[in-house]
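What follows is each chain in one-letter form.
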Amino acid sequence: MNHDDLAKWSKRAADWAREYHATLRNRPVRAQAAPGEVAAKLPEAPPERPEPMEEIFADFERLVPDATTHWQHPRFFAYFPANAAPASMLAEQLANAIAAQAMLWETAPAANEIEAVMIRWLAQALGLPARFTGTIHDSATTATLCAILTMRERALEWRGNNEGLSGQPKIRIYASAQTHSSIDKGIRIAGIGQENLVKIPTLPGFAMDTQALDAAIRADLEAGHLPAGVIACAGGTSIGAFDDIAATLDVARRHGLYTHVDAAWAGSAMIAPEFRRLWEGVDGADSIVFNPHKWLGAQFDCAVQFLADPAPQVQTLGLRPDYLETLGAGEITNYNEWTVPLGRRFRALKLWFVLRAYGLEGLRARIRNHVQWAGEAHDAIARLPGFTITTPPILSLFTFRYRESDEATEALLKRINDDGRIYLTQTRHQGMFVIRMQVGQFDCTREDVMMVPEVLAELTEGDPPC
Ligand code: PLP
């Protein structure tokens, strides 16, 4: 295949994509494939000789779409969304065509400078002070890992990177039990050890108990441990919990600890000023992560980390061997020094396209609709016989149960996803198996959302009374 063939096949792929998106509503949302089914249809060995693109494309059409869970389906209400707005897809095509490796300013000046401007635009869009800079990572997991490594090194006065962790005091990091497992993963990778992630109990509204946080830090100091940082939760994955960000950061600041706010999902909603009360005080954070690849429309992968001061993170992660020096240029930013991998994709382009193609007004309107429709779906489900709301909507996420029973709720979830018209997933809340529903898909309509109570009513019609 050469570049002339590529042009021809790109047109074919674009036509295929238009048809795919136009008919998505007719497909089951969740893949109906059985484990191993796709692999069994592939040859055991790679081809020795080139194969015609016609055949390769035909196999793609035969094998892939039906064995795919359709994240862009307007009735995807599972997990959190991974939205890919058409303008983002176009930007990704162009970034793929250039295929730059944006590790240094010199290797991709446009990618580098558009990234800096997009961070500034997004800080403004979310109502953050102009002093925040930042960078784009692949995922929130990476951004959080970078923040944890920075907490560790800052507390150790940068001895850990050189001397290792053995012989150092126990580093302690604090978060609530509502935080995402990416925090546990970051703690493990950073060599801090799971038992040194102190999970602070939550208050009745599921925010971290800041008095308990303060007490835990004091107890650790007395025990000779080294408190290093606090991770606050702004929109937890399970039920959407928010810590009291101002109070949490205040406790951390009083002890001189580094702070990171995980707003991977809910951060996008902050483009609408009326939701900002949920993370009031966030401007006092050292680091904040949010994923435009969840709710904003810039497709996976795209996680933005804002930094009040990049210096501690760059001191933790930055290395500049001779072969990565940019000769004759002193005042440049090389974003690889702000993150884990050296190599970087041109992720800023899709943000640039999305923000311009829809405008903040267009993006806000979508998020406001999602929150409104989630509330309406919640009200309708609450009225259905046998259903109980377990947690009320936080932004566009709520949870519910069927017949007050784990078994009945799990069995219903299986029926829902085998039916295929909608897709929901589960979590465990206060020991109970519950179904999560979030509204956030870029193209969903009110009708799509209200199909959830309709499907629930239909699937449970005729069940014996509780
Ligand atoms: N934090 C929260 C609150 C999340 O909901 C998620 C994923 O859903 C993550 C972090 C991890 O995100 P990523 O997949 O970008 O690593």
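Because the structure is a prediction, the values reported are computed rather than measured. (Residues numbered from 1 in each chain as written. Predicted model: local features only at pLDDT ≥ 70, side-chain atom pairs only at ≥ 80, totals over all residues. Heavy atoms only, no water.)

K.L.:
Help me get a handle on the sheet that holds strand β7 (residues 303-307), residues and values and all.
P.N.:
Reading across from one edge, β1-β7-β6-β5-β4-β2-β3 is the order of the 7 strands in this open sheet, with mixed pairing throughout. Two strands bound the open sheet, and with one partner strand each, they are β1 (133-137) and β3 (197-200). Sheet twist, expressed as the average angle between the axes of neighbouring strands with direction ignored, equals 20°. As judged from the 5 bridges shared by strand β4 (residues 226-233) and strand β5 (residues 258-262), these two strands associate in the parallel manner. Paired with G229 across the bridge in β5 is Y258. (Pairing = 2+ DSSP bridges. Helix = DSSP H or I, 4+ residues; strand = E, 2+ residues; numbered from the N terminus. Axes fitted to C-alpha atoms, helices over the stretch in contact; angles between N-to-C directions.)

K.L.:
Give a description of the packing of aromatic side chains that names residues and reports values.
P.N.:
Summed over the entire model, instances satisfying the criterion amount to 17 aromatic pairs. Geometrically, the ring pair formed by W71 and Y79 is stacked, given 5.8 Å between the ring centres and 15° between the ring planes. In this structure W71 comes out as partly exposed when scored by relative accessible area, which is 33%. For Y79, a relative accessible area of 41% corresponds to the partly exposed category. Measuring from ring centre to ring centre gives 6.1 Å for W352 and F353, while their planes differ by 55°; the resulting arrangement is tilted. What makes W352 partly exposed here is its relative accessible area of 27%. An aromatic cluster is defined as three or more aromatic residues linked by ring pairs; in this entry it consists of W9, W16, Y20, F57 and F60. Directly above the ring of F442 sits R366, whose terminal nitrogen or CZ lies 3.9 Å from the centroid. A cation over an aromatic ring shows up here: R436 above the ring of F80, its NZ or CZ 4.9 Å from the ring centre. (Phe/Tyr/Trp six-rings, centres within 6.5 Å; stacked < 30°, edge-to-face > 60°. Buried < 20%, exposed > 50% of the residue type's maximum accessible area, 1.4 Å probe, protein only. Lys NZ or Arg CZ within 6 Å of the ring centre and 35° of its normal.)

K.L.:
Please provide a residue-by-residue account of the site of the ligand, values included.
P.N.:
Around the ligand lies a shell of 13 residues, among which A140, T141, T237, D262 and N291 are the nearest. The separation between an oxygen atom of the ligand and a polar side-chain atom of T141 is 2.5 Å. Between H293 and the ligand, the recorded distance is 3.4 Å, taken from a side-chain N or O atom to an oxygen atom. Among the elements of the structure, α6 (140-155) and α11 (292-295) are those that each provide at least two residues to the shell around the ligand. Class assignment for the residues of the shell around the ligand results in 3 nonpolar, 8 polar and 2 charged. (Near = heavy atom within 4 Å. Polar contact = N/O pair within 3.5 Å; in protein donor to acceptor, adjacent residues only side chain to side chain. Nonpolar A, V, L, I, M, F, W, Y, C, P; charged D, E, K, R; others polar.)

K.L.:
Help me get a handle on the side chain of N336, residues and values and all.
P.N.:
By the secondary structure assignment, N336 is in the loop between α12 (311-317) and α13 (348-383). In contact with N336, not counting residues within four places along its chain, are M103, L104, L319, P341, L342 and R344. (Contact = heavy atoms within 4.5 Å.)

This is a description of form; function is not addressed.
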